[in-house]
Amino acid sequence: MNDIYNFSKLEIHSLLEKNNFPTYRTSQIWRYLYKNQVKKFDEMTNISSDLISFLALNFYIGSLVEINNIISKDKSTYKSLFKLPDGKVIETVLMNYPSDNHRKPRKTICISSQVGCALGCTFCATGQQGFTRQLTSGEIISQVMYYKNLEKEGFFDSKLKNPEKSYKGVKNIVFMGMGEPLANYDNTIKAIKSLNDDLGINFGARNITISTVGLVPQILKLADEEIQINLAVSIHAPDNKTRTETVPINKRYPIEMLIDACKKYIEKTNRKIFFEYVLLEGQNDSPEHAKKLGLLLENMLCHVNLIPVNPTIDSEYKRSNKDVILDFQRILKKFRVPSTLRMEKGIEVSAGCGQLANTNNY
Ligand code: SAH
Ligand code: SF4
């Protein structure tokens, strides 16, 4: 048995061909899966019964079982603990944002790309637990479809606080859950292509963000893909000494290499890069760090997201205080580097950035 979400449209086409079913069924099946969001094959009412039996015998739809969930106190954030077919677990988060000055109200899903992570950033709960395995493209898609199904059933409207009831729909996907998506490159891109397909669930590429710790060869490869997704790069420090202290992969891909790859990416795609900077008190938040970051990023098509560190079990980093953060932003502004302080959600239920792990502490 295999998850049908693992199959691209082309692969479903060849599957039908190989098994002597008419290939024009491909787009019908695709629409049932990703537009009608069926959960069982026998809901594909227009399809012949022998094809339904073939599909039901060999495949299932979606590979996750939600074994636990939790809602934040302010009812803005919903976190799930999912069991995968081999018993491993991952976490996924949905955040409900009210409208602000620039943007409409929106729901964003923060999804995982690996079980654990091998890269060991010192402030990250996923990094602290080490690497177990890659997620398949079907397991990546399943996280999105699971939440799309809950959304369709009106689940979030009843469970979460919904300041603007008129707004419906999960609109954004960020690869900021467990794992390093560019270390699971093929499955991540395959999943994005299926989710982006306009015959199906039709997630706009511009509403999908990949966050990477800075794997240089993959950033360069991504620049050549024909998909207009957003790229976020976790920079966290403006010099190699500071960065290596918290982001071990910096030894392999030091800052000069990383910035060079980012510049090439921007040149090729004409797209802005979002730099993520987790502020760690006394570690990377001095005016000197801000100045170096300003010098590094000035004249680049980019935006900096400053993220006060979220607590994790195994680290003792503290958030920088408000004045230090404002000062940091002021210095960046002098270099004409735009920045935002990220609105974090669900911290007390460990659903914030870098807090996802596979522990069942619900
Ligand atoms: N591996 C990718 C994506 C997953 S982490 C990456 O590192 O970019 C998503 C974001 O959460 C990254 O920017 C990461 O640096 C940040 N993060 C990790 N631990 C954090 C913590 N304790 N507090 C705040 N952000 C954290
Ligand atoms: Fe892995 Fe990203 Fe966490 Fe670093 S921050 S350990 S790359 S998930």
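Our structure's up above, just so we're on the same page.
None of the values given here were measured: they were computed from a predicted structure. (Residues numbered from 1 in each chain as written. Chains lettered and ligands numbered in written order. Predicted model: local features only at pLDDT ≥ 70, side-chain atom pairs only at ≥ 80, totals over all residues. Heavy atoms only, no water.)

**Digging into the pattern of salt bridges**
Worth spelling out the cut-off: Salt bridges are defined by distance alone: a side-chain nitrogen of Lys or Arg within 4 Å of a carboxyl oxygen of Asp or Glu. Elements are defined by DSSP. Helices are runs of H or I of four residues or more, strands are runs of E of two residues or more, and each kind is numbered from the N terminus. Categorising residues by exposure relies on relative accessible area from a 1.4 Å probe, with only protein chains included: less than 20% of the type maximum marks a residue as buried, more than 50% marks it as exposed, and the intermediate range marks it as partly exposed.
Using the criterion set out here, one finds 15 salt bridges in the structure. With a closest N to O distance of 4.0 Å, Lys-221 and Asp-186 form a salt bridge. Placement of the pair is Lys-221 in helix α8 (residues 216–223) and Asp-186 in helix α7 (residues 185–196), with a sequence separation of 35 residues. The partner of Asp-327 in a salt bridge is Arg-330, with the nearest N and O atoms 2.9 Å apart. Remark: Arg-330 and Asp-327 occur in helix α12 (residues 322–334); sequence separation between them is 3 residues, near one turn of the helix. Look at Arg-330 and you get exposed, because its relative accessible area is 52%.

**Remarks on the packing of helix α1 (residues 9–18) against helix α2 (residues 25–34)**
Put simply, the test is: Helix axes are fitted to C-alpha atoms over the stretch in contact, other axes to C-alpha atoms as well, and angles between N-to-C directions run from 0 to 180 degrees. When describing relative orientation, an angle under 35 degrees is termed roughly parallel and one over 145 degrees roughly antiparallel, while 65 to 115 degrees is termed roughly perpendicular and anything else oblique. Throughout, a crossing is termed right-handed when the near helix is turned clockwise from the far one, and left-handed when it is turned anticlockwise from it by less than a right angle. Two residues qualify as a contact provided that any one of their heavy atoms is within 4.5 Å of a heavy atom in the partner residue. Under the scheme applied, nonpolar residues are Ala, Val, Leu, Ile, Met, Phe, Trp, Tyr, Cys and Pro; charged residues are Asp, Glu, Lys and Arg; polar residues are all the others, including Gly.
Running from amino to carboxyl end, α1 crosses α2 at an angle of 130°, the nearest separation of the two axes being 9 Å. Here α2 runs oblique to α1, going by the angle between their axes. Between α1 and α2 lies a crossing whose hand is right-handed. In contact with Lys-9, Ile-12, His-13 and Leu-16 of α1, α2 contributes Arg-25, Thr-26, Ile-29, Trp-30 and Leu-33. Across the contact of α1 with α2, the residue classes tally to 5 nonpolar, 2 polar and 2 charged.

**Some details on α8**
Which entries qualify depends on this criterion: Within this analysis, the arc is defined by the directions that extend from the helix axis to the C-beta atoms.
Turning to α8, its buried residues number three or more, namely Val-216, Gln-218, Ile-219, Leu-222 and Ala-223. Along the axis of α8, the buried positions cluster into a sector of 165°, meaning they face one direction only. Buried residues along α8 sit in contact with α7, β10 (208–212), β11 (230–234) and α10 (255–269).

**What to know about the sheet that holds strand β9 (residues 170–175)**
The criterion, for reference: Pairs of strands are assigned from DSSP output, requiring at least two bridges between the strands.
Reading across the sheet, the 10 strands line up as β3-β4-β5-β6-β9-β10-β11-β12-β13-β14 and stay open at both edges, with mixed pairing between neighbours. The open sheet has two free edges, formed respectively by β3 (65–71) and β14 (339–341), since each of these has just one partner strand. Each strand axis lies, on average, 25° off the axis of its neighbour in the sheet, ignoring direction.

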